[in-house]
Amino acid sequence: MIGCCISGGGAKIGFAVGVLEVMEKRGIRPDLAYGVSSGSLCTAALCYGDIGFLKERLLEIRKRSDVLDKRLFRLFLALIFGGRTDGLYGMDIMRGKLEALPLEDPAIKGVVGYVDLRSGEIRYPSSEELSKPEFLDCVQASCSIPFFMVSQRTAGEVRVDGGVRDILPLKKLIRDPLGVEEIHVIGLSPLGENPASKPIGRDVLSVVRRSVELLTDEIYENDLKTARDVNRMLDLGVDLEGKRKIILYEYFPDEPVCGDSLDFRREVIEAGIEKGRAVAERVLENYTPPAD
């Protein structure tokens, strides 16, 4: 069985779409997908449609307001007088695009991650446990970057982006009861990027974005290192109770996909798709499908 793990990254989602297109072309069809933040959008597409559907919706976007509704003035009023918005952007437009996914029942098992701010816990709801609208609620929550997007308040929870706790849910996927033997890991940011090489603007959004990038890189490295170390030890004949060998395929961009994770212009998405395709073609050059 095949699993797919897709990280968050906002407008860098084009990279994941490019990778998934090449996987599909080569006949690699996941039985299980885990996604966080923008990776949860890919997970929803794999569950209730296909990557072609997601690509079409993304390429319809011409500007940020085509996917996110700006609430800056409403946020300003809420800060001064009190109110009901806690983010710069609303997500009603994006949710409408999600609801257009064609299938009513999931084609595969999908799992997405969001954080409940009340408890601080991360939740991993599955498409097998929820109705389509309930699962799409969780996908929307998984994309709700704190401060940038409004939180989702439902079922007694204040839900925000799962990337606050787990930007790459690889460990969780490995422990999933389906027990996949092959995992395709799609990260939307380069590994090991040198912080000193990146200029930081003086505005608060630049500082927040860069802080998130550093946290992302740390989590990428830790999760991948854990999986690689387990494989190496098993290859050496070490008995690790409850552990199994995982075939890992890793797709990470060689350079930043885009400068702004909220820049959803068509040309940015298209450039990300091309980068994803190029990386996937290289990684899968000698791919051998798992034995039945």
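In this text the structure is predicted, and so the values were computed from the model without any measurement.

Draft legend 1. How the structure looks around the nonpolar core. By size, the foremost hydrophobic cluster in this structure holds 62 residues, and its most contacted members are L20, I186 and Y251. Looking at this core element by element, the count peaks at eight residues for helix 1 (residues 13-25).

Draft legend 2. Representation of the side chain of D116 in the model. Within the secondary structure, D116 sits in strand 5 (residues 109-116). For D116, the side chain forms a polar contact with the main-chain nitrogen of R118, separated by 3.1 Å. Those residues in contact with D116 that sit more than four places away from it in its chain are E121, R123, E157 and V158.

Draft legend 3. Structural view of the sheet that holds strand 7 (residues 147-149). Read from one edge of the open sheet, three strands run 3-4-7, paired in mixed fashion. Pairing within the sheet leaves two strands with one partner each, and these edge strands are strand 3 (69-70) and strand 7. Examined bridge by bridge, strand 4 (residues 87-90) and strand 7 share two bridges and lie parallel to one another. Its bridge partner being in strand 7, Y89 is matched across the sheet by M149.

Draft legend 4. Spatial organisation of the pattern of salt bridges. Tallied over the entire structure, the rule returns 21 salt bridges. Note that E281 and K25 form a salt bridge whose closest N and O atoms lie 2.6 Å from each other. Of this pair, E281 sits in helix 9 (residues 266-283) while K25 sits in helix 1; the two residues are 256 residues apart in sequence, bridging distant segments of the chain. For E281, a relative accessible area of 28% puts it in the partly exposed group. On the basis of relative accessibility, which here comes to 60%, the residue K25 falls in the exposed class.

Draft legend 5. Just the packing of helix 3 (residues 51-59) against helix 9, in detail. The contact between helix 3 and helix 9 brings their axes to 9 Å, and the two run at 145°. Contact residues: K55, L58 and L59 in helix 3; R266, I269, E270, I273 and R277 in helix 9. Residues that form the contact of helix 3 with helix 9 fall into these classes: four nonpolar, no polar and four charged.

Draft legend 6. Region of interest: helix 5 (residues 92-99). Among all positions in helix 5, only M94, R95 and L98 are buried. Along the axis of helix 5, the buried residues cluster in a sector spanning 100°; they form a single face. Contacts made by the buried residues of helix 5 are with helix 2 (38-48) and helix 6 (132-142).

Draft legend 7. Spotlight on the environment of K109. As for its position among the elements, K109 is in strand 5. Along the backbone, K109 and A33 are 76 residues apart, and their C-alpha atoms lie at a distance of 6.5 Å. Aside from chain neighbours lying at most four places away, what touches K109 is D31, L32, A33, C47, S126, S127, E128, D176, P177 and L178.

Conventions we followed
- Residues numbered from 1 in each chain as written.
- Predicted model: local features only at pLDDT ≥ 70, side-chain atom pairs only at ≥ 80, totals over all residues.
- Heavy atoms only, no water.
- Core = buried A, V, L, I, M, F, W, Y, C linked by side-chain atoms within 4.5 Å.
- Buried < 20%, exposed > 50% of the residue type's maximum accessible area, 1.4 Å probe, protein only.
- Helix = DSSP H or I, 4+ residues; strand = E, 2+ residues; numbered from the N terminus.
- Polar contact = N/O pair within 3.5 Å; in protein donor to acceptor, adjacent residues only side chain to side chain.
- Contact = heavy atoms within 4.5 Å.
- Pairing = 2+ DSSP bridges.
- Salt bridge = Lys/Arg side-chain N within 4 Å of Asp/Glu carboxyl O.
- Axes fitted to C-alpha atoms, helices over the stretch in contact; angles between N-to-C directions.
- Nonpolar A, V, L, I, M, F, W, Y, C, P; charged D, E, K, R; others polar.
- Arc of directions from axis to C-beta.

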